[in-house]
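Structural description and commentary
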Amino acid sequence: TGAAATHPAADELKKWAIDGCPVDAGPPWSTEQIQKAIERGPHISALAPDAMQAFRDEVTKKVEQGQVKIIAWDEIKDEVPEELKISPISQIPHKSRAFRTILDLSYALRYGKTKVVPSVNSTSRPTAPEAATSQMGSVLPRLIVAMAQCPDDAVIFFSKFDIQDGFWRMINEVGKEYNFAFVMPTTDDEPLQIVVPSSLQMGWVNSPNFFSGASETARDVADDYAEAPIGTLPEHHLEKGTAPSIEEMNRLLATGELDAKTRLRYLIEVYMDDFIAAAQAKSPEELKHISRAVLHAIHDVFPEGLLSPEDQPVSVKKILKGEAQWSALKEILGWIFDGETKSIRLPEEKVDKILAAIKQMLHSRQGTPFKEFQKLMGKLYHASIGAPAGRGFMTPLNHQLAKTPKKVWFRKGSPQRKALQLWKSLLLDVMREPTLAKELVPASPDFVGLVDASGEGTGGVWLSGKSKLPATAWRLEWPPSIKDAFQRGELTINDLEMAGNLLGWLVLEGMGVNIKHRHIALLNDNSSAVSWILSWAAHSKGPAGELIMALAIRQRVQRASPLTPAHLPGELNAMADCASRSFGYKTEWKCESNDEFLTLFNRTFPLPEQTSWQSFLLSSKIVTKVTDALLTRGSTMEEWKKLPKIGTSISSAGACFCNLGELTRIWSTRPSASACTTSPASEEWSDRGAWAEESKYELDQFVQRLLPLRRPSRWTEAKLPSTTRPENTTCL
């Protein structure tokens with residue numbers, strides 16, 4: 001109804017409502033397969049007396065609402081419905097009610113030596129629109145980006161609504177409901193009964209796409225309603241539950257003048273059955289307007305009174321708990337969002353559970369069952385959304401996960417034990433000081449570094465981005481132990497490049513600039529090193545994992561915004577190429593001293609207005625720490641939190657604060673750095689092009705690709721991620 005009737009998906013939704021959601025669950029089962037599945041019956045968890053009673057109460061209600069029918073097996077066993085398939089159910093304890101029923105449509109039953117009853121999911125073919133769920137993975141990132149892009153003094157308010165029994169509000173194709181049947185949990189002296197639900201089942205592989213098609217339509221309509229002038233939407237009988245508390249109202253009324261260009265007018269998102277609204281409002285009327293937009297849109301798609309006269313698709317129970325009430329502090333998708341500090345954190349009880357699991361694993365003398373380790377890994381990856389440094393600790397844990405042992409051990413001194421200890425420290429840290437949204441969102445860099453490594457050494461440059469930084473060149477000749485290990489094949493060029501990136505970061509720290517909440521880019525021509533930093537994990541064994549952990553720790557210590565690693569073709573990395581090969585690759589490149597190195601750089605890469613490059617000399621203690629990590633000598637990761645003096649900046653008169661764009665205007669033709677790169681020249685260099693501008697363009701494009709997808713005005717217009725080139729998102 002309403003605006004939903006004109007949505008591009010309206011005809012499809014009407015068809016689903018009348019004829020049911022199309023079902024193709026594969027070929028019919030044989031009589032033998034059905035009989036074996038019936039003998040298997042429910043999971044043991046559903047046969048406990050209290051679970052059985054809870055299920056019967058639930059089924060009775062579903063029968064009254066016409067969502068379920070119960071059939072005696074004796075009535076159909078001689079003439080079984082063609083589509084009948086039987087899957088097991090289980091009863092899982094739930095936080096908001098005694099039990100939650102789970103229909104396991106992924107369960108495959110094996111009997112005999114080779115026979116199998118296939119799972120319903122394994123034989124189901126796609127019948128729902130894939131685009132419907134294409135936005136789900138971008139919901140949380142969009143909310144975080146919205147906070148990060150707002151002014152520091154902004155206060156963002158949140159509200160959320162839940163569709164209760166969402167999947168049960170959509171029916172299966174008539175006649176195909178038998179594909180989702182299951183055995184009623186009964187005692188031994190009760191007759192065998194088959195439960196046949198007519199509604200979509202949460203465990204079916206196609207259900208999320210069907211349901212999201214409906215909820216995404218409601219979200220699109222809510223966006224349309226929100227664009228209407230304030231005060232023009234009719235009152236909604238549930239809107240009282242969204243009014244801010246007196247404290248929040250006072251905070252709202254105290255809001256000063258808002259910049260129309262930067263403020264977050266509103267953002268409406270949906271994640272399956274959770275509708276989320278965010279706004280940097282100027283008045284209570286604005287918040288009420290957005291509430292009305294969302295509520296009316298939900299009821300346009302999910303009408304009231306459908307299952308019974310008093311049926312309400314919006315969860316009134318959760319509204320009464322305050323979830324819909326506009327507030328600057330709100331739990332959303334498992335995270336506590338703080339719209340005043342623009343930060344996110346995990347709920348304390350979730351952190352406590354993770355810490356308890358880590359403690360148990362570190363102290364266990366019997367080892368940890370692999371399934372428990374798997375569960376912890378899932379929780380750690382979820383936690384890394386708001387504590388990205390944690391991703392840098394995952395490499396040794398990933399290697400352990402790939403082995404799939406029966407038990408996992410965290411022995412003293414092992415990389416796996418170090419990783420868990422670092423995670424413990426990180427979780428305690430983020431509880432004391434939650435992560436700001438700007439620490440999670442990539443943006444145009446404040447500082448830009450170019451790095452390269454070779455078998456001789458490593459080096460690079462630092463240049464200004466959005467913030468001023470003296471143009472600085474640095475280099476380091478590898479000590480004999482590293483050169484020898486490289487020659488013997490014990491270290492790869494990828495390892496050296498990763499060490500070069502870590503050293504490049506440390507150079508920036510050592511220059512004494514404030515990098516808290518600043519965006520930093522590191523560019524080099526090694527795809528592996530870029531990939532490792534981007535994913536904060538290395539698939540290969542060797543020193544890379546330890547180097548990544550060290551870099552992650554330093555980023556967290558400095559509270560810097562996300563590090564942006566970007567790949568540049570070798571010919572675009574000429575300055576770093578020259579720095580890393582200034583130890584004798586060619587006679588004319590060899591620089592015996594720092595003065596000779598600066599002379600070479602000033603001649604080869606001239607700066608604007610005859611200014612000079614600065615240089616940075618790394619301290620021997622820092623060099624030793626990095627080379628020890630390269631040689632896997634077992635340095636303590638905790639030592640990376642508090643470093644000795646990193647090095648010394650060597651200044652000269654006439655410092656330059658140029659960026660890549662300004663270098664473009666100076667180097668109207670390719671600089672003489674052609675002598676300082678081992679990479680083959682590309683055709684672009686035959687033109688009087690500006691390679692610095694190309695580098696800047698590559699970086700800008702890379703940053704844009706890291707941001708979440710812009711939401712289309714209609715979900716039906718969404719392209720699947722594999723065919724979509726990401727573009728910047730907007731908060732306005």
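Data block above holds the structure.
1. Observations concerning the overall build of the protein
In terms of regular secondary structure, the protein is built from 23 helices and 23 strands. With respect to the three principal axes, the spread of C-alpha positions in the protein is 95 × 70 × 50 Å. Considering only residue pairs separated by 6 or more positions, the protein has 76% of its internal contacts joining residues 24 or more positions apart. Summing over all exposed atoms, the protein offers an accessible surface of approximately 32,500 Å²; the carbon and sulfur share of this is 51%. With 85 positive and 89 negative side-chain charges, the protein shows a spacing of 6 Å between the two charge centroids.

2. A short note on the layout of surface pockets
Looking at the second largest pocket, its volume works out to about 530 Å³. Lining the second largest pocket are 23 residues, with Leu13, Ala17, Val301, Phe302 and Pro303 positioned closest to its centre. Secondary-structure elements contributing two or more residues to the lining of the second largest pocket are helix 1 (10-19) and helix 9 (284-301). Among the elements that make up the lining of the second largest pocket, the one with the highest residue count is helix 1 (5 residues). Classifying every residue of the lining of the second largest pocket by side-chain character gives 15 nonpolar, 5 polar and 3 charged.

3. Remarks on helix 16 (residues 493-510)
An α-helical turn contains 3.6 residues, so a residue and the one three or four places further along point in the same direction. Compared with an ideal rise of 1.5 Å per residue, which puts 18 residues at 26 Å, helix 16 spans 25 Å between its outermost C-alpha atoms and is within 8% of the ideal. The element helix 16 is largely enclosed, with a buried count of 15 among its 18 residues. Gly512 lies just past helix 16 and shows a positive phi near 85°.

4. Let's talk about helix 1
Taken residue by residue, helix 1 has Ala10, Leu13 and Trp16 as its buried positions. Viewed end-on, helix 1 has its buried residues packed into an arc of 125°, placing them on one side of the element. Along helix 1, the residues that are exposed and aim more than 90 degrees away from the buried face are Asp11 and Ile18. In the core, the buried residues of helix 1 are packed alongside helix 7 (207-226) and helix 9. Two residues or fewer past helix 1, Gly20 is found with a positive phi of approximately 95°.

5. What to know about a negative patch on the surface
Together, Glu331, Glu348, Glu349 and Asp352 make up a region of like negative charge exposed at the surface. A total of 3 residues in the negative patch trace back to one element, the largest contributor, which is helix 11 (residues 348-363). Position of Glu348 relative to the elements: it lies in helix 11.

6. Things to note about the nonpolar core
In terms of nonpolar packing, the biggest core is built from 98 residues, with Phe337, Leu397, Trp423, Trp462 and Leu618 touching the most fellow members. Sorting elements by how many residues they give to this core places helix 16 first, with 9 residues. Each residue touching Phe337, except ones within four places of it in the same chain, is listed here: Leu140, Leu143, Ile144, Met147, Phe158, Ala328, Leu329, Lys330, Ile332, Ser343 and Ile344. Counting 67 residues, the second largest nonpolar core, distinct from the first, contains Phe161, Ala226, Ala293 and Phe302.

7. Here's the deal with the sheet that holds strand 20 (residues 520-524)
Taken in spatial order, the 7 strands line up as 21-20-17-18-19-22-23 in an open sheet, and their pairing is mixed. Each edge of the open sheet is held by one strand with a lone partner, namely strand 21 (563-567) and strand 23 (647-650). Recorded for the sheet is a direction-independent mean angle of 20° between the axes of neighbouring strands. The pairing of strand 22 (residues 614-618) with strand 23 spans 4 bridges and is classified as antiparallel. Pairing of Leu617 across the sheet is with Thr648, part of strand 23.

8. Remarks on the pattern of salt bridges
Across all of its chains, the model carries 32 salt bridges by this definition. For Arg263, the salt bridge is made with Glu286, and the minimal N-O distance between the two is 3.3 Å. Note that Arg263 is positioned in the loop between helix 8 (246-253) and strand 9 (267-271) and Glu286 in helix 9, a separation of 23 residues in sequence. The buried category is assigned to Arg263, whose relative accessible area is 10%. Close ionic contact of Asp577 with Arg581 constitutes a salt bridge, the shortest N to O distance being 2.6 Å. The network of salt bridges with shared partners includes Arg142, Glu216, Glu269 and Arg711.

Cut-offs applied
- Residues numbered from 1 in each chain as written.
- Predicted model: local features only at pLDDT ≥ 70, side-chain atom pairs only at ≥ 80, totals over all residues.
- Heavy atoms only, no water.
- Helix = DSSP H or I, 4+ residues; strand = E, 2+ residues; numbered from the N terminus.
- Contact = heavy atoms within 4.5 Å.
- Areas by Shrake-Rupley, 256 points an atom, 1.4 Å probe, with all protein chains shown as cover.
- Lys, Arg positive; Asp, Glu negative; His and termini not counted.
- Charge placed at Lys NZ, Arg CZ, Asp CG, Glu CD.
- 1 Å grid on protein atoms, 1.4 Å probe; cavity = no way out; pocket = protein on both sides within 12 Å on 5 of 7 lines; lining within 4 Å.
- Points joined across faces, edges and corners; volume = space filled by probe spheres on them.
- Nonpolar A, V, L, I, M, F, W, Y, C, P; charged D, E, K, R; others polar.
- Expected span 1.5 Å × (residues − 1).
- Buried < 20%, exposed > 50% of the residue type's maximum accessible area, 1.4 Å probe, protein only.
- Arc of directions from axis to C-beta.
- Patch = residues over 30% accessible without salt bridge, like charges linked within 9 Å, V, L, I, M, F, W, Y side chains within 5 Å.
- Salt bridge = Lys/Arg side-chain N within 4 Å of Asp/Glu carboxyl O.
- Core = buried A, V, L, I, M, F, W, Y, C linked by side-chain atoms within 4.5 Å.
- Pairing = 2+ DSSP bridges.
- Axes fitted to C-alpha atoms, helices over the stretch in contact; angles between N-to-C directions.

Purely spatial values, then, with no claim about function.
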